[in-house]
Number of protein chains: 2
Amino acid sequence: MNDRVIVNDVGPRDGLQNQARHLAPADRVRLVRALLHAGMDHVETAAFVSPKAVPAMAGAAEIVAELAGTDATLSVLVPNMKGYELALAAGARVMVMVVYATDGMARANVGRDRAEVDAATADILARAREDGVRVLTTISVSFECPFEGAVPAAVVHDAADRMLALGAERFVVADTIGAAAPDAVSAMMGDMVGRHGADRLGCHFHDTRALGLANVYAAAQAGVRYFDASIAGLGGCPFAPGATGNVATEDVVMLLQRLGLDTGIDMAGLLAASRLADELTGTAPGGRARAWLTQAYADGAG
Amino acid sequence: MNDRVIVNDVGPRDGLQNQARHLAPADRVRLVRALLHAGMDHVETAAFVSPKAVPAMAGAAEIVAELAGTDATLSVLVPNMKGYELALAAGARVMVMVVYATDGMARANVGRDRAEVDAATADILARAREDGVRVLTTISVSFECPFEGAVPAAVVHDAADRMLALGAERFVVADTIGAAAPDAVSAMMGDMVGRHGADRLGCHFHDTRALGLANVYAAAQAGVRYFDASIAGLGGCPFAPGATGNVATEDVVMLLQRLGLDTGIDMAGLLAASRLADELTGTAPGGRARAWLTQAYADGAG
């Protein structure tokens, strides 16, 4: 494996939105800049959601404005057409939309059925084509749903086919509750890369059951070259020690580098961003390999 | 993957020998019994080493005597012919011997060159054949050595060829410092399974860089069906928080079960053994997936 691989840091959005401590937009911008400084060129920076519903994400327009002109793919989450229009007005040009593998998860998250979310997403994809806006779609609970159990792979394949046909730039398979096993990842992503090509796909893993890196490895082996990850593992529930959430960017980058893939990311800079995430939140899980990485880079041995 | 897989718990020996708190032989026997109660049938129980040099391992003969007649593969570490004779006299019938992939590690660990250790191991293998004693050989620093850096795969292959030809029952490839990347594991173990068959091989991973489970997955995919692991991840340095050592038995069993392999091990029983390890040592790392496993099995959802 000697290719370029994209790591998209979702910490400033996905990672921060459930943190106990809400960061000011200026601090979220600082975190994004620290990630860019480490060489990351894909970051999810904000969510155009109701600040009443998700106060941690207030100030999305300010963040987009502050980062305007940055030479990187900075994406923002939009849950619906209203969010899309606000994001567009703020100057965002890469949107992230979430679809669902089950009705149970769709209802729990956005109070709508899968089909309603799919239809709304199709509308936004049509609109985005007109506006020249890039849309990344991600599908939640691709392997297992906390409400409906095991998810048939056909459901995820079908969603990928539809979203990519509708013009989504990329389809990201998300194991939202960290329930995937690497053999299932290998099978699903192998099929999907064969069907759509690696350039239109991605994976998003959680480390809840400690299988995050095994799943990244399985996906990379299957040809996936785009991974979401969250700096310092931000996204774990701050009230449940040990209940880690998003796989940490530093862990994922370390593994991809070990596999000989080119991430374009500087580990020392990433560790600096990770320390900033700690400093800002007070509750960053820190990733699985922090002790080793910190030592290795302090020694200059990394 | 639908086969039987052996998990060999090395916690009572490898896991405990560097703990700050030294456990009485009776407590080490309790831990072994808890593992057996969970359905484990391979446990490394003791080391016939100098109690002056390794006080944590004092009382090996007592442990072997106490566990005599157990219907399981209970192995003991023997560093040399003297240890072998003591172990044999105590009633041990499965011995573990360590060889080295580098002179640097051999000298640091036992003050001898690789070749000297190899020769001594050959002598013991010859003696064991006469005595009808089973010998498992494991090779330290198979992928990277802290003193000599990257280890050529040919060195490990050569050692496997020799030890197996001399009558070792099994050859266990150990990533002693947790430095292996899963693609290297996959390549090495794929070759080795092709050459010797899975029944004569095993792997031993450390989780220092958080790649332990990715490496177990890679090895299982390559056909390996025997893994060392340490209950509660015992074996990390108790003075370096986060510096985890041996991959935890509960994590490995969880992954192997998720891959559809038959471990014969009951997870609830394993978690009870893990809690006992905690209780006895006060410093058990607990494995990577402890929070999730504890919750899942408390809910009866596992």
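In the annotation of an unreviewed UniProt entry, the entry for chain A reads Hydroxymethylglutaryl-CoA lyase, and the organism field reads Marinihelvus fidelis. Note on chain A: under the UniProt heading Sequence similarities (unreviewed entry), the record states "Belongs to the HMG-CoA lyase family."

(A) Representation of the overall build of chain A. Secondary structure assignment for chain A yields 12 helices and 10 strands. For the C-alpha atoms alone, the extent of chain A along its principal axes is close to 55 × 40 × 35 Å. In chain A, which comprises 302 residues, the proportion classed as buried is 56%. Considering only contacts in chain A between residues 6 or more positions apart, those separated by 24 or more positions represent 74%. Accessible surface for chain A amounts to roughly 10,900 Å². Of this, 50% is attributable to carbon and sulfur atoms. Charge separation in chain A, taken as the distance between the mean sites of 25 positive and 35 negative side-chain charges, equals 3 Å.

(B) Summary view of the interface of chain B and chain A. Each side of the interface is counted separately: chain B has 27 residues, and chain A has 27 residues. Taken together, the two surfaces of chain B and chain A that pack against each other cover about 2,200 Å², and 63% of this comes from carbon and sulfur. Where chain B touches chain A, the interface holds 0 salt bridges. Where chain B touches chain A, the interface holds 5 residue pairs in polar contact (both at pLDDT 80 or more).

(C) Expanded view of the side chain of arginine 170 of chain B. Residue and element names in this part refer to chain B. Tracing the backbone through its elements, the reader meets arginine 170 in strand S8 (residues 170–175). In this structure, arginine 170 is buried with no salt-bridge partner, the nearest side chain bearing the opposite charge being glutamate 169 at 5.1 Å. Within the structure, arginine 170 has its side chain in polar contact with the backbone oxygen of leucine 201 (distance 2.8 Å).

(D) Region of the structure containing the packing of aromatic side chains. With the rule as written, the count across this model stands at 1 aromatic pair over all chains. Ring geometry for tyrosine 217 of chain A and tyrosine 217 of chain B: centres 6.3 Å apart, planes at 75°, overall edge-to-face. With tyrosine 217 of chain A in helix H9 (residues 212–221) and tyrosine 217 of chain B in helix H9 (residues 212–221), this pair bridges two chains. Owing to a relative accessible area of 0%, tyrosine 217 of chain B belongs among the buried residues under this scheme.

(E) Just the relation of the copies chain B and chain A, in detail. Placing chain B over chain A gives an RMSD of 0.0 Å and needs a rotation angle of 180°, together with 0.0 Å of translation along the axis. What the superposition gives is, in effect, a two-fold axis relating one chain to the other. Ranked by how close their C-alpha atoms come to the rotation axis, the residues of chain B are headed by alanine 214 of chain B, at 1.9 Å.

(F) View of the pairing of S8 of chain B. Residue and element names in this part refer to chain B. Most of S8 is tucked away, with 6 of its 6 residues classed as buried. Residues Arg170, Val172 and Ala174 point to one face of S8 and Phe171, Val173 and Asp175 to the other, with burial holding for every one of them. Bridge analysis of strand S5 (residues 134–140) against S8 gives 4 bridges, and the strand direction is parallel. Across the sheet, leucine 136 pairs through a bridge with arginine 170, a residue of S8. The pairing of S8 with strand S9 (residues 201–205) spans 5 bridges and is classified as parallel. Bridging across to S9, phenylalanine 171 finds its partner in leucine 201. Following the chain from S8 across helix H8 (residues 182–196) to the adjacent parallel S9, one finds a crossover that is right-handed.

Thresholds applied
Residues numbered from 1 in each chain as written. Chains lettered and ligands numbered in written order. Predicted model: local features only at pLDDT ≥ 70, side-chain atom pairs only at ≥ 80, totals over all residues. Heavy atoms only, no water. UniProt positions renumbered as here; feature names shortened; annotations may be inferred. Helix = DSSP H or I, 4+ residues; strand = E, 2+ residues; numbered from the N terminus. Buried < 20%, exposed > 50% of the residue type's maximum accessible area, 1.4 Å probe, protein only. Contact = heavy atoms within 4.5 Å. Areas by Shrake-Rupley, 256 points an atom, 1.4 Å probe, with all protein chains shown as cover. Lys, Arg positive; Asp, Glu negative; His and termini not counted. Charge placed at Lys NZ, Arg CZ, Asp CG, Glu CD. Buried area = accessible area lost by both parts, 1.4 Å probe. Salt bridge = Lys/Arg side-chain N within 4 Å of Asp/Glu carboxyl O. Polar contact = N/O pair within 3.5 Å; in protein donor to acceptor, adjacent residues only side chain to side chain. Phe/Tyr/Trp six-rings, centres within 6.5 Å; stacked < 30°, edge-to-face > 60°. Least-squares fit on C-alpha atoms with pLDDT ≥ 70 in both. Pairing = 2+ DSSP bridges. Right-handed = clockwise from strand over helix to strand, strands pointing away.

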